[in-house]
Amino acid sequence: MTHLKAGDKAPEFTATNQHGKKISLSDFKGRKVVLYFYPEDDTPTCTEQACNLRDNYGALKKQGFEVLGVSPDSEKSHLKFEKKFSLPFTLLADADHKIIDQYGVWGEKQMFGRHYMGVHRTTFVIDEKGIIWHIFLKPKNKAHAEEILKSWKKG
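Residues numbered from 1 in each chain as written. Predicted model: local features only at pLDDT ≥ 70, side-chain atom pairs only at ≥ 80, totals over all residues. Heavy atoms only, no water.

Considering the overall build of the protein chain
How we decide: Secondary structure follows DSSP: runs of H or I at least 4 residues long count as helices, runs of E at least 2 residues long count as strands, and numbering of each begins at the N terminus. We compute the radius of gyration from the C-alpha atoms alone; for a globule the expected value is 2.2 Å times N to the 0.38, where N is the number of residues. Only protein chains enter the area calculation, which uses a 1.4 Å probe; residues under 20% of their type maximum are buried, those over 50% are exposed, and those in between are partly exposed. Contacts are assigned to residue pairs that have any heavy atoms within 4.5 Å of one another. The Shrake-Rupley method, run with a 1.4 Å probe, gives the accessible areas here. Residue values count only the displayed protein chains as cover.
Counting its regular elements, the protein chain contains 5 helices and 9 strands. Relative to the 2.2 N^0.38 estimate, which gives 15 Å for 155 residues, the radius of gyration of the protein chain is 14 Å and therefore close to what a compact globule would have. Projecting the C-alpha coordinates of the protein chain onto the three principal axes gives extents of approximately 40 × 35 × 30 Å. Every one of the 155 residues in the protein chain was classed for burial, and the buried ones make up 53%. Counted over contacts in the protein chain with a minimum sequence separation of 6, partners at least 24 positions apart contribute 64%. Working note: accessible area of the protein chain is about 8000 Å², and carbon and sulfur atoms make up 53% of it.

Now the structure itself:
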């Protein structure tokens, strides 16, 4: 699990999005960012989470949030995922795990009694100053946007 906590400065990164453009966290200074890490494009749970963020994207934007998804998938895979599900937000390719490791979301997982290494589904809500506001270690995939908005309003 992540070593980061609410109140920490979010680690800076640069990666390529689904359209081949370099994107840095610093590009969003002065804006709130939902930085969500997920294991793989076009798998049932990852799709559920992405579609929830898509369906509530207007509400997130209205509250000033930018959404960035990060997985180890390639730009090509991200572009296919974006097009298939009409995702309106940026997906960052992190095949070399630089961002995944910076945020501490790579680790041992277990499914059906089998242990393996992978991305822990984790979301970081980052404020306008680049400070981590909240961390969701186990996002509610079908209600993720709602829990993000609710956590911000509590603050």
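Some points on the pairing of strand E9 (residues 132-136)
The line we're drawing: Criterion used throughout: strands pair if DSSP finds at least two bridges between them.
Examined bridge by bridge, strand E8 (residues 122-126) and E9 share 4 bridges and lie antiparallel to one another. Bridging from a neighbouring strand, Ile126 pairs with Ile132 of E9. If you look at the hairpin formed by E8 and E9, you'll find 5 residues sitting between the two strands, and Gly130 has a positive phi there, around 85 degrees.

Considerations on helix H3 (residues 75-85)
An α-helix turns once per 3.6 residues; consequently, residues spaced three or four apart project the same way. Note the following rule: Taken from the helix axis, the directions to the C-beta atoms give the arc we talk about.
Listed as buried for H3 are His78, Phe81, Glu82 and Phe85. With its buried residues spanning 100 degrees around the axis, H3 presents them on a single face. In H3, the exposed positions that point more than 90 degrees away from the buried face belong to Lys76, Lys80, Lys83 and Lys84. Those residues of H3 that are buried lie in contact with helix H1 (44-55), strand E4 (65-71) and strand E5 (90-93). Phi turns positive, to about 50 degrees, at Ser86, one or two residues after H3.

Thoughts on the pattern of salt bridges
Heads up, the condition is: A side-chain nitrogen of Lys or Arg and a carboxyl oxygen of Asp or Glu constitute a salt bridge if their distance falls within 4 Å.
Under the definition given, this model contains 7 salt bridges. Here Asp55 and Arg54 are joined by a salt bridge, their closest N and O atoms 2.8 Å apart. A salt bridge links Lys98 to Asp96; the shortest N-O distance between them is 3.9 Å.

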